[in-house]
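# Working through the structure, step by step
Below are the chains, spelled out letter by letter.
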Amino acid sequence: MDWHLAKALLEWQVELGVTEAMTDAPIDRFAEVDEAPRPAAAAPQPAPATSIDPVAEAARMAGAAADLPALAEALAAYPHCELRKGARNCVFADGNPAARVMIIGEGPGREEDQRGLPFVGQAGRMLDQMFAAIGLARNAPAPESALYITNTVPWRPTGNREPTPEELAMLRPFLMRHVELAEPDLLVLMGNVACQSVLGQRGILKLRGQWQTVLGRPALPMLHPAYLIRNPDAKREAWADLLSLKARLREQP
Ligand code: URA
């Protein structure tokens, strides 16, 4: 190699970002391999079996929460649900925690994820109108006129898909603890996913309007407000269920 070629090569390397020579003399790495073959790679070891049961872990964390703020903190710290990775906020609850009526919806949508509150989008406006018709509002100070609102899952499933059965199962202990700590007189299960999580049943068109018992309290499956937006004719059934709820509140002081 003549001087000019060597200089051109060096300049080319500098242009590529080479800033340092590692050794004074060049090393032929291929020859090195031939001369001193590396020991055979160790046989891959099986990965240690993970002993974490996400449902048991959720039950442990939820059970340790002594009040609602502690439960909100435990839920936000729960690491085993993939949903959390795609969400902006952990949506815990809204309304008056002392309310006689607690509503369980499905999960946050886009607006709920952005604002960190349940039912604040289009379905939420419908929900507010429905309950206003029987004199209940999420921010009413008096427990008998108030609502407390949460969801089966606190993180928005990406693309607004339904939560999977596994996701529902691992978040259920938090939901059940939420009910225990809020101590509502009555529960409303909004739509199929809430019924699936809480009752282990789907089929809201059959279940709606039929009172159930959940953790010792009456629970009413109702049509989801988003369903009512798509099927306005079903508002008649929703109205019948709202009247049933109002009657139950009067019966049960
Ligand atoms: N739908 C739900 O079920 N929950 C929300 O928070 C919003 C929409």
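What this report covers is the structure whose coordinates are included nearby. Since we're looking at a predicted model, the values are computed, not measured.

## Some points on the nonpolar core
- Counting residues in hydrophobic clusters, the biggest one holds 65 residues, and the most contacted among them are Tyr78, Ile103, Met130, Phe131, Leu171, Phe174 and Leu245.
- Per-element accounting of this core gives the leading share, nine residues, to helix H7 (residues 165-182).

## Considering the pairing of strand E6 (residues 217-222)
- Along E6, six of the six residues are buried, which leaves the element largely enclosed by surrounding structure.
- Residue alternation in E6 divides its side chains into two sets, Arg217, Ala219 and Pro221 and Pro218, Leu220 and Met222, and both sets are buried.
- Pairing geometry for strand E4 (residues 186-190) and E6, over four bridges, is parallel. Note on E6: the bridge partner recorded for Leu189 is Pro221.
- Counted between consecutive antiparallel strands, the loop separating strand E5 (residues 212-214) from E6 contains two residues, among which Leu215 sits at a positive phi close to 50°.

## Some details on H7
- Taking 1.5 Å per residue, 18 residues should reach 26 Å; H7 reaches 25 Å between its end C-alpha atoms and fits that length.
- Along its length, H7 shows its largest kink, about 40°, at Leu171, and proline Pro173 lies within four residues downstream of that point.
- Counting buried residues along H7, 13 of its 18 residues qualify, which places the element largely inside the surrounding structure.

## Here's the deal with the site of the ligand
- Close to the ligand lie Gly105, Glu106, Gly107, Glu112, Pro118, Phe119, Asn151 and His224.
- Phe119 is positioned with one of its backbone polar atoms (N or O) 2.8 Å from an oxygen atom of the ligand.
- In this structure, Asn151 approaches the ligand through a side-chain N or O atom, which is 2.9 Å from a nitrogen atom.
- Taking 240 Å² as the accessible area of the ligand by itself, protein coverage stands at 91%.
- Its residues assigned to classes, the shell around the ligand shows two nonpolar, four polar and two charged.

## Re helix H8 (residues 191-199)
- Those residues of H8 that sit buried are Gly191, Val193, Ala194, Cys195, Ser197 and Val198.
- Lining the buried residues of H8 we find strand E2 (101-105), H7, E4, helix H9 (204-207), E5 and E6.
- Gly200 lies just past H8 and shows a positive phi near 70°.

## Comments concerning the pattern of salt bridges
- The final tally for this structure, using the stated rule, is nine salt bridges.
- Two residues, Asp128 and Arg138, come together in a salt bridge whose shortest N-O distance is 3.1 Å. Taken as a pair, Asp128 in helix H6 (residues 122-132) and Arg138 in the loop between H6 and strand E3 (147-151) lie far apart in primary sequence, 10 residues in all.
- When its relative accessible area of 7% is taken as the criterion, Arg138 is described as buried.
- Glu167 serves as the salt-bridge partner of Arg161, at 2.9 Å between the closest nitrogen and oxygen.

## A word on the packing of aromatic side chains
- Within the structure shown, the criterion is met by one aromatic pair.
- Consider the rings of Tyr78 and Phe174, whose centres lie 5.2 Å apart with planes at 65°: the pair is edge-to-face. Highlighted residues: Tyr78 in the loop between helix H4 (68-77) and strand E1 (94-95) and Phe174 in helix H7, separated in sequence by 96 residues.
- For Phe174, a relative accessible area of 3% corresponds to the buried category.

## So, the sheet that holds E1
- Reading across the sheet, the six strands line up as E1-E3-E2-E4-E6-E5 and stay open at both edges, with mixed pairing between neighbours. A strand with exactly one partner marks an edge of an open sheet, and here the two such strands are E1 and E5.
- Bridging between E2 and E4 involves four bridges; their strand directions are parallel. The partner of Ile103 across the bridge, within E4, is Val188.
- Sitting on the sheet, helix H11 (residues 235-251) touches E2, E4 and E6, and the angle it makes with E6 is about 165°.

## A look at the side chain of Arg177
- Counting through the fold element by element, Arg177 comes out in helix H7.
- Judged by relative accessible area, which is 18%, Arg177 ranks as buried.
- A polar contact is formed between the side chain of Arg177 and the backbone oxygen of Ala65, at a distance of 2.8 Å.
- Setting aside chain neighbours within four positions, we find Arg177 in contact with Ala62, Gly63, Ala65, Ala66 and Leu71.

What counts, and at which threshold
- Numbers given for residues are sequential positions, taken from 1 along each chain in its written order.
- Confidence filtering applies because this is a predicted model: local features only for residues at pLDDT of at least 70, side-chain atom pairs given and counted only at 80 or more, and all residues used for totals across whole chains, interfaces and linings.
- Hydrogen atoms and water are omitted, and side-chain values are computed over all heavy atoms in the structure.
- Buried Ala, Val, Leu, Ile, Met, Phe, Trp, Tyr and Cys residues form a nonpolar core when they are joined through side-chain atoms within 4.5 Å.
- Using a 1.4 Å probe on the protein chains alone, a residue whose accessible area is under 20% of its type maximum counts as buried, one over 50% counts as exposed, and one in between counts as partly exposed.
- By definition, any uninterrupted DSSP run of H or I lasting at least four residues is a helix, any uninterrupted run of E lasting at least two residues is a strand, and each is numbered from the N terminus.
- When DSSP finds two or more bridges between a pair of strands, those strands are recorded as paired.
- Under the convention used throughout, the expected extent of a helix is 1.5 Å for every residue step, that is, one less than its residue count.
- Note that bend, as reported per residue, equals the angle between axes fitted to the 7 residues terminating at that residue and the 7 residues originating from it.
- By convention in this text, a residue qualifies as near a molecule or strand provided that one of its non-hydrogen atoms is within 4 Å of it.
- In the analysis that follows, any N or O atom pair within 3.5 Å is treated as a polar contact, provided that within protein one partner can donate a hydrogen and the other can accept it, and provided that, for residues neighboring in sequence, both atoms belong to side chains.
- Surface exposure here means Shrake-Rupley accessible area, sampled with a 1.4 Å probe, where a residue is shielded only by the protein chains that are shown.
- Three categories are distinguished: nonpolar for Ala, Val, Leu, Ile, Met, Phe, Trp, Tyr, Cys and Pro, charged for Asp, Glu, Lys and Arg, and polar for the others, with Gly belonging to the last.
- We call two residues in contact when some of their heavy atoms are within 4.5 Å.
- One speaks of a salt bridge when a side-chain nitrogen belonging to Lys or Arg is within 4 Å of a carboxyl oxygen belonging to Asp or Glu.
- Paired rings are identified among Phe, Tyr and Trp, the last through its six-membered ring, by centres lying within 6.5 Å, and are further divided according to the angle between planes into stacked (under 30 degrees), edge-to-face (over 60) and tilted (the rest).
- Whenever a helix is involved, its axis is fitted only over the stretch in contact; in every case the axis is a line through C-alpha atoms, and angles between N-to-C directions fall within 0 to 180 degrees.

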